[in-house]
Amino acid sequence: MDYKELDIWVQARMLVKTVYVLTKSFPQDEQFSLTSQVRRCVISVPSNIAEGCGRQSNKETIHFLHIARGSLFELETQLILAGDLNYISDTDIVLKEIERVKKLLNGFINYHKKL
């Protein structure tokens, strides 16, 4: 199956859009720090899923899926911090979206572990 047809990749792309819209409201002085870091994290998720799907072995695929998973945890932490700094008024929606992507990714990792 083409990675672009995978629900996990599609959901990760939707998360990118959500985060980009959300970070537009961050203060200008955060442009080269937290805003940049958050955006790099979120882009890493679908990128590493795609890269993992393009690898030759299951072991390599799982490695890149774990990198994507780590980026999700990093993203979650950064958005919680953005909430603590009052850059985001309601983190619940985006954190639920991250949780959904985490569950899909964990399932995809478990699927590859069984192959």
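All values reported here derive from a predicted model rather than from experimental measurement.

Asker: In this structure, what is going on with the overall build of the chain? I would like to understand it.
Answerer: When helices and strands are counted, the chain shows four helices and zero strands. Element order for the chain, N to C, with α for helix and β for strand: α-α-α-α. A compact globule built from 115 residues would reach a C-alpha radius of gyration of about 13 Å, and the chain, at 15 Å, matches this within 12%. Dimensions of the chain, computed from the C-alpha atoms along their principal axes, are close to 45 × 25 × 20 Å. By the burial criterion, 43% of the 115 residues in the chain qualify as buried. Counting contacts in the chain only where the partners sit at least 6 residues apart, residues at least 24 apart contribute 71% of the total. A total accessible area of about 6,800 Å² is found for the chain, and carbon and sulfur atoms account for 53% of it. The averaged location of the 14 negative side-chain charges in the chain is 5 Å from the averaged location of its 15 positive side-chain charges.

Asker: Just checking my understanding: could you explain the packing of helix α2 (residues 34–53) against helix α3 (residues 58–84) for this structure?
Answerer: When two helices pack together, their arrangement is captured by the angle between the axes and the distance separating the axes. Two elements in contact, α2 and α3, have axes separated by 8 Å at closest approach and are oriented at 160 degrees. Taken as axis vectors, α2 and α3 run roughly antiparallel relative to one another. Viewed along their axes, α2 and α3 form a crossing whose handedness is left-handed. Touching L34, Q37, V38, C41, V42, S44, V45, N48, I49, E51, G52 and C53 of α2 are T61, F64, L65, I67, A68, S71, L72, E74, L75, Q78, L79 and A82, all from α3.

Asker: How should the side chain of E30 be read in this particular structure?
Answerer: Note that E30 resides in the loop between α1 (7–23) and α2. Within the buried set, E30 has no salt-bridge partner at all; the shortest N-O distance to an opposite charge, 10 Å, is to R40. Within the structure, the side chain of E30 is placed 2.6 Å from the side chain of S33, a separation counted as a polar contact. Those residues in contact with E30, other than ones at most four positions away along the chain, are T35, S36 and Y87.

The rules behind the values
- Residues numbered from 1 in each chain as written.
- Predicted model: local features only at pLDDT ≥ 70, side-chain atom pairs only at ≥ 80, totals over all residues.
- Heavy atoms only, no water.
- Helix = DSSP H or I, 4+ residues; strand = E, 2+ residues; numbered from the N terminus.
- Rg over C-alpha atoms; globule rule 2.2 N^0.38 Å.
- Buried < 20%, exposed > 50% of the residue type's maximum accessible area, 1.4 Å probe, protein only.
- Contact = heavy atoms within 4.5 Å.
- Areas by Shrake-Rupley, 256 points an atom, 1.4 Å probe, with all protein chains shown as cover.
- Lys, Arg positive; Asp, Glu negative; His and termini not counted.
- Charge placed at Lys NZ, Arg CZ, Asp CG, Glu CD.
- Axes fitted to C-alpha atoms, helices over the stretch in contact; angles between N-to-C directions.
- Parallel < 35°, antiparallel > 145°, perpendicular 65-115°, else oblique.
- Left-handed = near helix turned anticlockwise from the far one by under 90°.
- Salt bridge = Lys/Arg side-chain N within 4 Å of Asp/Glu carboxyl O.
- Polar contact = N/O pair within 3.5 Å; in protein donor to acceptor, adjacent residues only side chain to side chain.

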